[in-house]
Amino acid sequence: MLSTNMTTDPAADLPFYYGSISRSDAEEYLKLAGMADGLFLLRQCLRSLGGYVLSVVWNVEFHHYSVEKQLIGTYCIAGGKSHCGPAELCEFYSKDPDGLVCTLRKPCLRSPDVPIKAGVFDNLRENMLREYVRQAWNLEGEAMEQAVISQAPQLEKLIATTAHEKMTWYHGKIPRQEGERRLYSGAQPDGKFLIRDREESGTFALSLMYGKTAYHYQILHDKSGKYSMPEGTKFDTVWQLVEYLKMKPDGLVTVLREPCVNNTTKRNAPRCVNFRNVPCSTKVKPFLTVPLGGSKEVTASPPTERQMLPMDCNEFANPYHDPNDLKKFFINRDQLMIDEVELGSGNFGCVKKGVFKTQKGHTDVAIKVLKSENEKLVKEEMMREAEIMHQLSNPYIVRMLGLCEAESLMLVMEMAAAGPLNKFLSTKKDTVTMENIVGLMHQVSMGMKYLEEKNFVHRDLAARNVLLVNQQFAKISDFGLSKALGADDSYYKARTAGKWPLKWYAPECMNFHKFSSKSDVWSFGITMWEAFSYGGKPYKKMKGPEVISFIANGNRMECPPGCPDRMYALMKDCWTYKHEDRPGFVKVEERMRAFHYSISNKTLPEGTADIAEPLK
Ligand code: ADP
Ligand code: MG
């Protein structure tokens, strides 16, 4: 499930934060608390995405200051300094009035029986994310949820700049007369509306039906990038403005009701097929070329470049088969073309590049090919690996497309063209930022959370087995050692020790041959360490047995240079000696997510600097 806005609201932990209460409610709470000078509380601002209002008492009067969330993710009171969060802002004003009537002296504390009030836009904001993912990438269900969770910060930025383009009521650049023609065609209920680009001006107009007459309004776009009706309430996005105008007329002849649907837009465009096989590119052109009425093709948004998102790749959703459909487990040899290119090799044989042909088209695949002289035992191992993979379907886990028995036994998988994470990072130190690594490791934690939920243990989680589709998209692979746990089992017990990756293994694996999701968590910690040290080798030159005593003596690897404290703290928690005390993947993912969101909100979205001037 997606976290609610309350958990991502950076003010949610503040004891003087009330959520979306009205001005008069705020004044009521302040009165109840005694009206002392400098008494204050914080509440949500309805008008701006992520903004607040600070309500302060001075001289038995109320003062309300709106706190804007700026595009770069900082917060400020108009004319004041910027702060990285609402807590920091309030702390600042508790020491320095800096233009306010007084310093903030006494928080008006929310009593335990008063919950933080959810806002009208709290749900909207989440729904916006889902709706956007649904429309832009044609994703549904679990794939949509995973996209929203892993990319929420990036999606919010995209939505702030381009979301309206995906809405049924958006008609692109059409003349006023054409807008009228579309409103008058079909039924003409009051409140039927559309939004269009005004010709030549770069601003929007609202065309609205009332009493069988079309009305046209210009939507103002001010210097700070806010949208509003003339003299009306200002919003960060056209979408929010539209949602608001559905509730309040704000100067219009009527509230907005039914959208006049733009039938000329191919809204459910396929996910960007053209971006396949661009493993290392970090920027792509948006895919919003929308044919509008008539024959003219125009680009719906200025061709700003944006970062490639996992959902842009075919490997995100599962187009191949229903995981319950056992019939398609085997692939015909004539559906496969095998390249000479080797992607990697091991004892079993090698992994080759190939193409999988279906009615839907050709897909690049990776094919694990057994050495033909291999005996029965190895064949059985590969069958077991295939059986495990067949039961899994998650964007952050390499999917198996099927097994092929021909000149040799072959396991056909989705292609992760940018290869193993450790190699990628060690060769691309200069182009991969820490934020990038956090995003990738968050995806790995999501894949592992899924495995834990399905009761599988991986047993070989390591940076070498995290493969990249591209720089922004990671998948867990190599299920050669993995086990499905029985419904009542919490661990797998290995009868004998094998060729084990000791440096990645938790103490209970070595000591008692016990493998569980908790021991995968230990390996996740080592994988994080590898990632944040850009593909460094864990425990340097130490040998496996030396590592065992190093750990037993209470030692742990040091923080990689430049690795954020919160990430190192998480690694160390993954390396909790007793598995009972170690966090599980639900907790690990939650912490990865919180950190990922917190740093992604502080980077400037691209293409937001050029804001159009309003016309008179
Ligand atoms: P092993 O059990 O020998 O470690 P892996 O499944 O990890 O086998 O595969 C070995 C190598 O083959 C990987 O390190 C990677 O370079 C390449 N490889 C495996 N699967 C894929 C894939 N789906 N896409 C791209 N390369 C792959
Ligand atoms: Mg491997």
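This is a predicted model, so every value here is computed, not measured.

### What about helix H7 (residues 238-247)?
In step 1: The buried count for H7 comes to 8 of 10 residues, which makes it a mostly enclosed element.
In step 2: Among all positions of H7, only Val 238, Trp 239, Gln 240, Leu 241, Val 242, Glu 243, Tyr 244 and Leu 245 are buried.

### Description of the sheet that holds strand E4 (residues 75-77)
By way of backbone hydrogen bonds, the strands of a sheet pair with one another, either parallel or antiparallel.
In step 1: The mixed open sheet is built from 5 strands, whose spatial order is E4-E3-E2-E1-E5. Of all the strands in the sheet, the pair left with one neighbour each is E4 and strand E5 (106-107).
In step 2: As paired elements, strand E1 (residues 39-44) and strand E2 (residues 52-58) share 5 bridges and run antiparallel to each other. Paired with Leu 42 across the two strands is Leu 54, which belongs to E2.
In step 3: Against the sheet, helix H2 (residues 23-32) touches E1, E2 and strand E3 (61-69), its axis set at about 150 degrees to E1.
In step 4: Packed onto the sheet, helix H3 (residues 86-95) meets E1, E2, E3 and E4 and runs at close to 40 degrees relative to E4.

### Digging into the environment of Ser 523
In step 1: Tracing the chain through its elements places Ser 523 in helix H12 (residues 517-532).
In step 2: For Ser 523, a relative accessible area of 1% translates into the label buried.
In step 3: C-alpha separation for the pair Ser 523 and Pro 501, spaced 22 residues apart in sequence, amounts to 9.8 Å.
In step 4: For Ser 523, the residues in contact, after removing those within four places along its chain, are Leu 461 and Trp 504.

### A look at the site of ligand 1
In step 1: Surveying the vicinity of ligand 1 reveals 16 residues, the closest of which are Phe 348, Lys 368, Glu 414, Ala 416 and Asp 478.
In step 2: Between ligand 1 and the protein, one listed contact pairs an oxygen atom with a backbone N or O atom of Leu 343 at 3.2 Å.
In step 3: In this structure, Asp 478 approaches ligand 1 through a side-chain N or O atom, which is 2.7 Å from an oxygen atom.
In step 4: Summarising the interface, the protein chains cover 84% of the accessible area of ligand 1, which totals 540 Å² for the free molecule.
In step 5: Taken together, the elements giving at least two residues each to the shell around ligand 1 come down to strand E15 (336-346), strand E17 (361-370) and strand E19 (409-414).

### What to know about the coordination of the magnesium ion (ligand 2)
In step 1: The magnesium ion (ligand 2) binds to the protein through Asn 465 (OD1) and Asp 478 (OD); the donor distances cover 2.2 Å. Linking Asn 465 in the loop between strand E21 (456-457) and strand E22 (466-470) with Asp 478 in the loop between strand E23 (473-476) and strand E24 (483-484), this pair joins segments that are 13 residues apart in sequence.
In step 2: With relative accessibility at 6%, the residue Asn 465 sits in the buried group.
In step 3: Assessed through its relative accessible area of 22%, Asp 478 is described here as partly exposed.

What counts as what
Residues numbered from 1 in each chain as written. Chains lettered and ligands numbered in written order. Predicted model: local features only at pLDDT ≥ 70, side-chain atom pairs only at ≥ 80, totals over all residues. Heavy atoms only, no water. Buried < 20%, exposed > 50% of the residue type's maximum accessible area, 1.4 Å probe, protein only. Helix = DSSP H or I, 4+ residues; strand = E, 2+ residues; numbered from the N terminus. Pairing = 2+ DSSP bridges. Contact = heavy atoms within 4.5 Å. Axes fitted to C-alpha atoms, helices over the stretch in contact; angles between N-to-C directions. Near = heavy atom within 4 Å. Polar contact = N/O pair within 3.5 Å; in protein donor to acceptor, adjacent residues only side chain to side chain. Areas by Shrake-Rupley, 256 points an atom, 1.4 Å probe, with all protein chains shown as cover. Donors = N, O, S within 2.8 Å, 3.2 Å for Na, K, Ca; no water.

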